[in-house]
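# Structural characterization, general
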Amino acid sequence: YMKIACDDFLKKGNIRELGKIFSEVNEYIHKDWINKNTTLNVIRNDEYTNNNVGFDYDLVTKDGLLKIQSKIRYNRLYIEQTRRPSAGNTTDSRSSSGYVRYAVGECDVFLFSKPKDIETYLDIDSWEIVAIPEHELIDPKKPKYLKTAVPIRVYKKYVGKTKEVLESSYLLKKGSTKK
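Analysis parameters
- Residues numbered from 1 in each chain as written.
- Predicted model: local features only at pLDDT ≥ 70, side-chain atom pairs only at ≥ 80, totals over all residues.
- Heavy atoms only, no water.
- Buried < 20%, exposed > 50% of the residue type's maximum accessible area, 1.4 Å probe, protein only.
- Helix = DSSP H or I, 4+ residues; strand = E, 2+ residues; numbered from the N terminus.
- Arc of directions from axis to C-beta.
- Contact = heavy atoms within 4.5 Å.
- Pairing = 2+ DSSP bridges.
- Axes fitted to C-alpha atoms, helices over the stretch in contact; angles between N-to-C directions.
- Expected span 1.5 Å × (residues − 1).
- Parallel < 35°, antiparallel > 145°, perpendicular 65-115°, else oblique.
- Phe/Tyr/Trp six-rings, centres within 6.5 Å; stacked < 30°, edge-to-face > 60°.
- Core = buried A, V, L, I, M, F, W, Y, C linked by side-chain atoms within 4.5 Å.

Okay, helix α1 (residues 2-12) next. Those residues of α1 that fall on the buried side of the exposure criterion are Cys 6, Phe 9 and Leu 10. For α1, the angular spread of buried residues about the axis comes to 100°, placing them on one side. Opposite its buried face, α1 presents the exposed residues Ile 4, Lys 11 and Lys 12, each directed more than 90 degrees away. Where α1 is buried, its residues contact α2 (15-37).

Structure (structure tokens):
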């Protein structure tokens with residue numbers, strides 16, 4: 001039934017609903033990809049914390065150093081998230097669009113899956129997987145928060161460098177904890 005639903009969403013061009021279906025699936029795809037293609041060993045956050053309550057990041061290295069936010073995006077690379085209303089999430093600096101911006105420090109790397117076209121959306125082997133370090137996404141107008149979307153020039157800068165970005169980000173974190 002899942003395949004039927006996905007095929008139906010594709011036929012209708014309903015990428016938004018496909019993204020919702022693949023959101024958690026994408027975390028497992030990223031976990032497997034990182035563990036197979038890099039020197040890192042990552043687990044899902046709920047495996048690390050033994051807690052299934054929502055968190056600000058999806059994957060973490062087994063030693064807890066590197067926090068990775070997993071995203072799947074077909075078109076624009078939005079990085080805002082939905083969160084329950086609270087005092088910290090309703091200020092103008094965090095929420096002006098109905099979604100909530102990430103604060104600096106919530107994760108270290110954003111890892112995107114980007115299906116190349118609608119015809120191959122369900123072919124996960126054809127997806128482009130791109131890692132972007134958090135520092136590239138800080139909003140200069142609101143430096144405590146990240147931008148609401150990844151600029152295409154930033155995305156293109158990191159295409160083909162996923163392994164390098166993940167491993168170097170981990171080494172930076174490891175080095176900063178030794179001081």
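With that settled, the discussion passes to the pairing of strand β4 (residues 109-114). Counted residue by residue, β4 has six buried out of six residues, so it is predominantly covered. Residues Val 109, Leu 111 and Ser 113 point to one face of β4 and Phe 110, Phe 112 and Lys 114 to the other, with burial holding for every one of them. Pairing geometry for strand β3 (residues 67-72) and β4, over five bridges, is parallel. Across the sheet, the residue bridging to Ile 68 is Val 109, located in β4. Two strands pair when backbone bridges link them, and β4 and strand β5 (residues 128-133) are joined in this way by six bridges, in the antiparallel orientation. Bridged to Lys 114 within β5 is Glu 128.

This part is about the sheet that holds β3. The pairing of strands in a sheet happens through backbone hydrogen bonds and is either parallel or antiparallel. The five strands lie next to each other as β1-β2-β3-β4-β5, forming an open sheet whose pairing is mixed. A single partner strand is all that each edge strand has here, and the edge strands are β1 (42-44) and β5. When the angles between neighbouring strand axes are averaged without regard to direction, this sheet yields 30°. Pairing between β1 and strand β2 (residues 59-61): three bridges, direction antiparallel.

With 16 residues, helix α5 (residues 162-177) ought to run about 22 Å at 1.5 Å a step, and its terminal C-alpha atoms sit 23 Å apart, in line with that. Looking at α5, one finds that the buried residues are Thr 162, Val 165, Leu 166, Glu 167, Ser 169 and Tyr 170. Each element contacted by the buried residues of α5 is listed here: α2, β2, β3, β4, β5 and α4 (152-158).

Before going further, it helps to examine the packing of α2 against α5. It is at 11 Å that the axes of α2 and α5 come closest, and there the two elements cross at 85°. Between α2 and α5, the angle falls in the class roughly perpendicular. Touching Trp 33, Ile 34 and Asn 37 of α2 are Thr 162, Lys 163 and Leu 166, all from α5.

For the structure shown, the criterion picks out six aromatic pairs. Between Phe 22 and Trp 127 the ring centres are 5.6 Å apart and the planes differ by 70°, which places this aromatic pair in the edge-to-face class. Taken as a pair, Phe 22 in helix α2 and Trp 127 in the loop between β4 and β5 lie far apart in primary sequence, 105 residues in all. Between Tyr 102 and Phe 110, the aromatic rings sit 5.1 Å apart at their centres with planes inclined by 85°, giving edge-to-face as the arrangement. With respect to class, Tyr 102 is no different from Phe 110; both count as buried. Put simply, the rings of Phe 22, Tyr 74, Tyr 121 and Trp 127 touch in pairs and so form one group of aromatic residues.

Tracing the backbone shows Thr 39 in the loop between α2 and β1. Residue Thr 39 is classed as exposed on the basis of its relative accessible area, which comes to 68%. The sequence separation of Thr 39 and Lys 163 amounts to 124 residues, and the corresponding C-alpha distance is 8.7 Å.

Right, let's get into the nonpolar core. Within the largest apolar cluster, 31 residues are counted, with the highest numbers of intra-cluster contacts made by Ile 34, Ile 68, Phe 110, Phe 112, Ile 132, Leu 137 and Val 150. Elements supplying a minimum of two residues to this core: β1, β2, β4, β5, α4 and α5. Sequence-distant contacts of Leu 137, that is, excluding residues within four places in its chain, are made with Ile 79, Phe 110, Ile 132, Leu 146, Lys 147, Val 150 and Val 154. The next biggest cluster of nonpolar side chains, apart from the first, holds eleven residues, and it includes Leu 18, Ile 29, Ile 72 and Trp 127.

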